[in-house]
Amino acid sequence: MSEQASSSGPILQFLANGLNLWIRSQCDEVGDLNLLLNGSALQLLKGKLNGVELEGRLVTFQGLPIHHAELRSGPLSLNLNPAQPGQILQLKHDFQLTGAVTMRGVDLNRALLTERWRWLGDWLAEQLMGLSTLGGLEIDNDILVLTAPVSNAGEVVSKRFRLDAANGTLRICRIEAEGEVLLPMDQKITIEAADLKAGQLHLNGGATVTP
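Treat the numbers as computed from the prediction; the structure is a model and nothing was measured.

Some words on helix H3 (residues 105-112)
Turning to step 1, where the next piece is worked out: The element H3 is largely enclosed, with a buried count of six among its eight residues.
Turning to step 2, where the next piece is worked out: Contacts made by the buried residues of H3 are with strand S5 (64-73), strand S8 (95-104), helix H4 (118-129), strand S9 (136-140) and strand S15 (200-209).

Description of unusual backbone geometry
Turning to step 1, where the next piece is worked out: Here Leu58, not a glycine, exhibits a phi torsion of approximately 55°, which is positive.
Turning to step 2, where the next piece is worked out: Residue position: Leu58 is located in strand S4 (residues 51-61).
Turning to step 3, where the next piece is worked out: Of note in this structure, Asn141 is not a glycine but carries a positive phi near 55°.
Turning to step 4, where the next piece is worked out: Given a relative accessible area of 47%, Asn141 falls into the partly exposed group.

Focus: the pattern of salt bridges
Turning to step 1, where the next piece is worked out: Going through the model one piece at a time under the given rule, you end up with eight salt bridges.
Turning to step 2, where the next piece is worked out: Linking Asp140 and Arg160 is a salt bridge whose minimum nitrogen-to-oxygen distance equals 3.6 Å. Remark: Arg160 occurs in strand S11 (residues 155-166) and Asp140 occurs in strand S9; sequence separation between them is 20 residues.
Turning to step 3, where the next piece is worked out: Salt bridges sharing partners connect three or more residues here, namely Arg104, Asp107 and Arg110.

Quick word on the sheet that holds S9
Turning to step 1, where the next piece is worked out: The five strands are arranged S9-S10-S11-S12-S13 in an open sheet whose pairing can be described as antiparallel. Every interior strand has two partners, whereas the edge strands, S9 and strand S13 (180-182), have only one. Between one strand and the next, the sheet's axes are offset by a mean angle of 30°, whatever the strand orientation.
Turning to step 2, where the next piece is worked out: Two strands pair when backbone bridges link them, and S11 and strand S12 (residues 169-174) are joined in this way by six bridges, in the antiparallel orientation. What sits directly across from Phe161, in S12, is Arg174.

With respect to H4
Turning to step 1, where the next piece is worked out: Look at H4: 16 Å from first C-alpha to last across 12 residues, which is about the 16 Å you get at 1.5 Å a residue.
Turning to step 2, where the next piece is worked out: In this fold, the buried residues of H4 make contact with H3, strand S10 (143-150), S11, S12 and S13.
Turning to step 3, where the next piece is worked out: Phi turns positive, to about 70°, at Gly130, one or two residues after H4.

A short note on the pairing of S10
A regular strand places its side chains on the two faces of the sheet in alternate fashion.
Turning to step 1, where the next piece is worked out: In the sheet, S9 pairs with S10 via five bridges, with the strands oriented antiparallel. The residue bridging Glu138 from the neighbouring strand is Val145, located in S10.
Turning to step 2, where the next piece is worked out: The hairpin formed by S9 and S10 contains two residues between the paired strands, and Asn141 there has a positive phi angle of roughly 55°.
Turning to step 3, where the next piece is worked out: As defined by bridge partners, S10 adjoins S11 across seven bridges and the pair is classed as antiparallel. Residue pairing in the sheet places Ala148 in a bridge with Val157 of S11.

Quick notes on the rules
- For every chain, the first residue of the written sequence is number 1, and numbering continues from 1 onward in sequence order.
- Reporting of local features is limited, given that this is a predicted model, to residues whose pLDDT is at least 70; pairs of side-chain atoms are given and counted only at 80 or more, and all residues count toward the totals for whole chains, interfaces and linings.
- Water and hydrogen atoms play no part in the side-chain values, which are based on all heavy atoms of the structure.
- Here's how the labels work: a residue is buried when its accessible area is under 20% of the maximum for its type, exposed when over 50%, partly exposed in between, all with a 1.4 Å probe on protein chains only.
- Only runs of H or I of at least four residues qualify as helices and only runs of E of at least two qualify as strands under DSSP, and these elements are numbered from the N terminus.
- By definition in these notes, contact holds between two residues if any of their heavy atoms fall within 4.5 Å.
- The rule for a salt bridge is simple: a side-chain nitrogen of Lys or Arg has to be within 4 Å of a carboxyl oxygen of Asp or Glu.
- Between any two strands, at least two bridges found by DSSP are needed for them to pair.
- Throughout, an axis means a line fitted to C-alpha atoms (over the contacting stretch in the case of helices), and angles, computed between N-to-C directions, take values from 0 to 180 degrees.
- Expected helix span is computed as 1.5 Å times (number of residues minus one).

This is the structure we're talking about:
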């Protein structure tokens, strides 16, 4: 685990430490985390910052494993609390994030089989394969492969799909037959581009973050 914050001056370094704490409080796990603060000490004293650039590796957010992320925020409004070491800063308003995220297929497979995300895996199996339970997910170069057991038959069905972005979310298209589904998506998240490559899912998009 490593942390790095690039800033200039003690006030911005103080803020970087606070942002590190806040980011970690929002995530289940954080491996490497690099922050670059865009702004000046004078702006900070007025409770404003132009934005933050973030690069993270091996991050788990709400049970979803992120292998690599490069994100940039919009302007931030905040309050500093030097007397509260565990809560150095408070973000005052919603802010925008844009950037790219990469997830490995093997990690997604494990996540979709956990209690927290099992509903989504089973939804994919039902919508795309007509079966009730997802057995597994694999990314084979640029192809999404889903497997699902057939109830009371002792068989496992495997089907292949294409994936891209459409209407602000992920679109999964059948290869062997016609038809597609759009993944249920939080209204605060917009997927602008998506592709599969070398066993990984690559996403570009944006989100509105509520502190």
